[in-house]
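Structural overview
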Amino acid sequence: MDEHLYDDLVDEIRKVALQVNGIIDTEKCFIRKSGMKYHVDLHAIVDANISVKEGHELAHKLKDTLRAEIFELGHVLIHIEPSE
């Protein structure tokens, strides 16, 4: 059963995400704890006009940045959303 218990961590994830050049904003952020780590599914909004390759690279950059800045994170899944 999922619970929504990690508001402070969600806020920190969103703050760090916005520091990554190319990330416009974030949407959904789901967190699950597994052992001592947190697993994150994050939807990141990027410019709708960039290439798939650029979106892919941004997703990796965001994932790497989050894991470097927030040591409690384990698996991080980034879903890219186009800006409106």
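Residues numbered from 1 in each chain as written. Predicted model: local features only at pLDDT ≥ 70, side-chain atom pairs only at ≥ 80, totals over all residues. Heavy atoms only, no water.

1. Some remarks on the overall build of the protein chain
Per the secondary structure count, the protein chain includes two helices and three strands. Secondary structure elements of the protein chain occur, N-terminal to C-terminal, as α-β-β-α-β. In summary, the protein chain has a C-alpha radius of gyration of 13 Å against a globular reference of 12 Å for 84 residues, a match within 12%. Counting only residues that meet the buried cut, the protein chain has 33% of its 84 residues in that class. Of the contacts formed within the protein chain by residues at least 6 apart in sequence, a portion of 53% connects residues at least 24 apart. When the accessible surface of the protein chain is summed, it comes to about 5,700 Å², and 51% of that surface belongs to carbon and sulfur atoms. Computed over 10 positive and 17 negative side-chain charges, the inter-centroid distance for the protein chain is 6 Å. (Helix = DSSP H or I, 4+ residues; strand = E, 2+ residues; numbered from the N terminus. Rg over C-alpha atoms; globule rule 2.2 N^0.38 Å. Buried < 20%, exposed > 50% of the residue type's maximum accessible area, 1.4 Å probe, protein only. Contact = heavy atoms within 4.5 Å. Areas by Shrake-Rupley, 256 points an atom, 1.4 Å probe, with all protein chains shown as cover. Lys, Arg positive; Asp, Glu negative; His and termini not counted. Charge placed at Lys NZ, Arg CZ, Asp CG, Glu CD.)

2. Here we look at the pattern of salt bridges
A full pass over the atoms with the stated rule returns one salt bridge. Here Arg 32 makes a salt bridge to Asp 41, at a shortest N to O gap of 3.7 Å. In this structure Arg 32 comes out as partly exposed when scored by relative accessible area, which is 36%. (Salt bridge = Lys/Arg side-chain N within 4 Å of Asp/Glu carboxyl O.)

3. Description of the side chain of Thr 26
Tracing the chain through its elements places Thr 26 in strand β1 (residues 25-34). Of note is the side chain of Thr 26, whose polar atom sits 2.6 Å from the side chain of Arg 14. With residues near it in sequence (within four places) discarded, Thr 26 still touches Arg 14, Ala 17, Leu 42, His 43, Ala 44 and Ile 45. (Polar contact = N/O pair within 3.5 Å; in protein donor to acceptor, adjacent residues only side chain to side chain.)

4. Brief notes about the sheet that holds strand β2 (residues 37-46)
Within the open sheet, the three strands sit side by side as β1-β2-β3. Their pairing is mixed. With one partner strand each, in any of the chains shown, β1 and β3 (73-82) form the two edges of the open sheet. Averaged over neighbouring strand pairs, the angle between their axes works out to 15° when direction is ignored. Summarising the sheet, β2 and β3 pair through eight bridges and their orientation is parallel. Each residue of the ladder has a partner; that of Val 46, found in β3, is Pro 82. Strands β2 and β3 of the sheet are contacted by helix α2 (residues 52-69), whose axis makes an angle of about 145° with β3. (Pairing = 2+ DSSP bridges. Axes fitted to C-alpha atoms, helices over the stretch in contact; angles between N-to-C directions.)

5. A look at the side chain of His 43
Position of His 43 relative to the elements: it lies in strand β2. Within polar-contact distance, the side chain of His 43 engages the side chain of Glu 81 at 3.1 Å. The contact partners of His 43, leaving out residues within four places of it in the chain, are Asp 25, Thr 26, Glu 27, Lys 28, His 79 and Glu 81.

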